[in-house]
Amino acid sequence: MTLNSLRNRILPVLGLALVLALLVFLALSPADTRLGNIVKLAYLHGALNWAGLITFSVAGILGLAALMARRSGWYRATEAAGYAALIVWFVYIISSILITGLTWGQWIAWNEPRVQATGSILLAALLFAIVARLVNQRDFTAAVNLVMGIIPWIVISQADAIRHPADPIGGSGSTAIQLYFQLIVLATLGLAMTLVVWLWASLELRAASRATDSRSMPD
C-alpha cells in the first residue's frame, strides 16, 4: 500500500463508510420527548466535543514524540493532527451555534461560560496555527501542539454552566441513548482520525515531491 493509494483511495472510502455509519446511528438514535429529533443534533454536538478534545490530545502526543525522536515523519504527523483538531473544533463550534439557536433561541449564547470556553479554544488554536505557520520552525510547531493538547481540557473543565446541562447523556437513564451516543462518538472520532491520517499522508507526499524536485534540479 502506497501513501498515494492511502490518501486517494483507502481513506476516502473509509471516510464515506464512517459518514454513512454516523448517519445511520443518528437516524436510529432515540428522540426526546421535549426536544424531539433536535436532540440528535445534541448527540452529534457532544460527539464533536469529544472528538475535538481527543484530536487536540493526539496532536499534543505526536508533538511530544516529534520533540523527542527528532524525525521528520513525526513532525509532519503532529502538524497534520494540529490542523485536523482545528477543523474538528470549528465544526464543533458550528454545531454549538445550531443547537443553541434551535433550543435556546439564541444562535451565539456568549453569556454561557461553556460557549465562551469553546470560542476561546478556537481562537487560541487559530492564533497558534497562524504564528506557527509564520515562524515555520518544526520544533515550535510541535511545542505549540503539545501545549494545545493540554489547554482545551483545562479550559473546558473549569467552565461553569448556566443553561448548558452538566452531563445530559451521562445523566440519562436511557440505555438506548447512552449506547447510540457512544456509537456516534466512535464514528465521529473515526472521522477525525481519518482526517488526521489523510492530512499526514498529504504532507508526506508533498515532502517526497519536493525532495524529488530538488534532486532533479541541475547543479
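Refer to the structure printed above.
Residues numbered from 1 in each chain as written. Predicted model: local features only at pLDDT ≥ 70, side-chain atom pairs only at ≥ 80, totals over all residues. Heavy atoms only, no water.

### A look at the overall build of the chain
Part 1 of the argument: Per the secondary structure count, the chain includes seven helices and zero strands.
Part 2 of the argument: For the chain, the sequential pattern of α-helices and β-strands runs α-α-α-α-α-α-α.
Part 3 of the argument: Classification of the 219 residues of the chain by burial places 40% in the buried group.
Part 4 of the argument: Across the chain, every contact between residues at least 6 apart in sequence was considered, and the portion connecting residues at least 24 apart equals 78%.
Part 5 of the argument: Put simply, the chain shows about 12100 Å² of open surface, and 67% of that area lies on carbon and sulfur atoms. (Helix = DSSP H or I, 4+ residues; strand = E, 2+ residues; numbered from the N terminus. Buried < 20%, exposed > 50% of the residue type's maximum accessible area, 1.4 Å probe, protein only. Contact = heavy atoms within 4.5 Å. Areas by Shrake-Rupley, 256 points an atom, 1.4 Å probe, with all protein chains shown as cover.)

### Considerations on the packing of helix H4 (residues 113-135) against helix H5 (residues 138-148)
Think of two packed helices as two axes; the pair is described by the angle between the axes and how far apart they sit.
Part 1 of the argument: Running from amino to carboxyl end, H4 crosses H5 at an angle of 170°, the nearest separation of the two axes being 9 Å. As summarised for this structure, H4 and H5 are arranged roughly antiparallel, according to the angle between their axes. Along the contact surface, H4 presents Ile-121, Ala-124, Ala-125, Phe-128, Val-131, Ala-132 and Val-135, while H5 presents Phe-140, Thr-141, Val-144 and Met-148.
Part 2 of the argument: Here the contact of H4 with H5 is built from residues that sort into 10 nonpolar, one polar and no charged. (Axes fitted to C-alpha atoms, helices over the stretch in contact; angles between N-to-C directions. Parallel < 35°, antiparallel > 145°, perpendicular 65-115°, else oblique. Nonpolar A, V, L, I, M, F, W, Y, C, P; charged D, E, K, R; others polar.)

### Some points on unusual backbone geometry
Part 1 of the argument: Its identity as a non-glycine residue notwithstanding, Arg-70 has a phi of 55°, on the positive side.
Part 2 of the argument: Within the secondary structure, Arg-70 sits in the loop between helix H2 (39-69) and helix H3 (72-104).

### Things to note about H5
Part 1 of the argument: Taken together, the buried positions of H5 are Thr-141, Ala-142, Val-144, Asn-145 and Met-148. Each buried residue of H5 lies within a common arc of 160° when the element is viewed along its axis, so the set occupies one face.
Part 2 of the argument: With a side-chain oxygen lying 2.9 Å from the backbone nitrogen of Asp-139, the N-terminal cap of H5 falls on Gln-137. (Arc of directions from axis to C-beta. Polar contact = N/O pair within 3.5 Å; in protein donor to acceptor, adjacent residues only side chain to side chain.)

### Focus: the environment of Thr-55
Part 1 of the argument: The topology assignment puts Thr-55 in helix H2.
Part 2 of the argument: Linking Thr-55 and Val-88, residues 33 residues apart in sequence, is a C-alpha distance of 8.0 Å.
Part 3 of the argument: Leaving out residues up to four positions away in the same chain, Thr-55 has contacts with Ala-81, Ala-84, Ala-85, Ala-192, Met-193 and Val-196.

### Remarks on the packing of aromatic side chains
Part 1 of the argument: Across all of its chains, the model carries three aromatic pairs by this definition.
Part 2 of the argument: Between Trp-89 and Tyr-92 the ring centres are 4.7 Å apart and the planes differ by 50°, which places this aromatic pair in the tilted class. On the criterion of helical spacing, the pair formed by Trp-89 and Tyr-92 is a turn pair, its members being three residues apart in helix H3. Tyr-92 carries the same exposure label as Trp-89, and that label is buried.
Part 3 of the argument: Here the aromatic residues Phe-56, Trp-89 and Tyr-92 are joined through ring pairs into a cluster of three or more. (Phe/Tyr/Trp six-rings, centres within 6.5 Å; stacked < 30°, edge-to-face > 60°.)

Treat this as a map of the structure, not an account of what it does.
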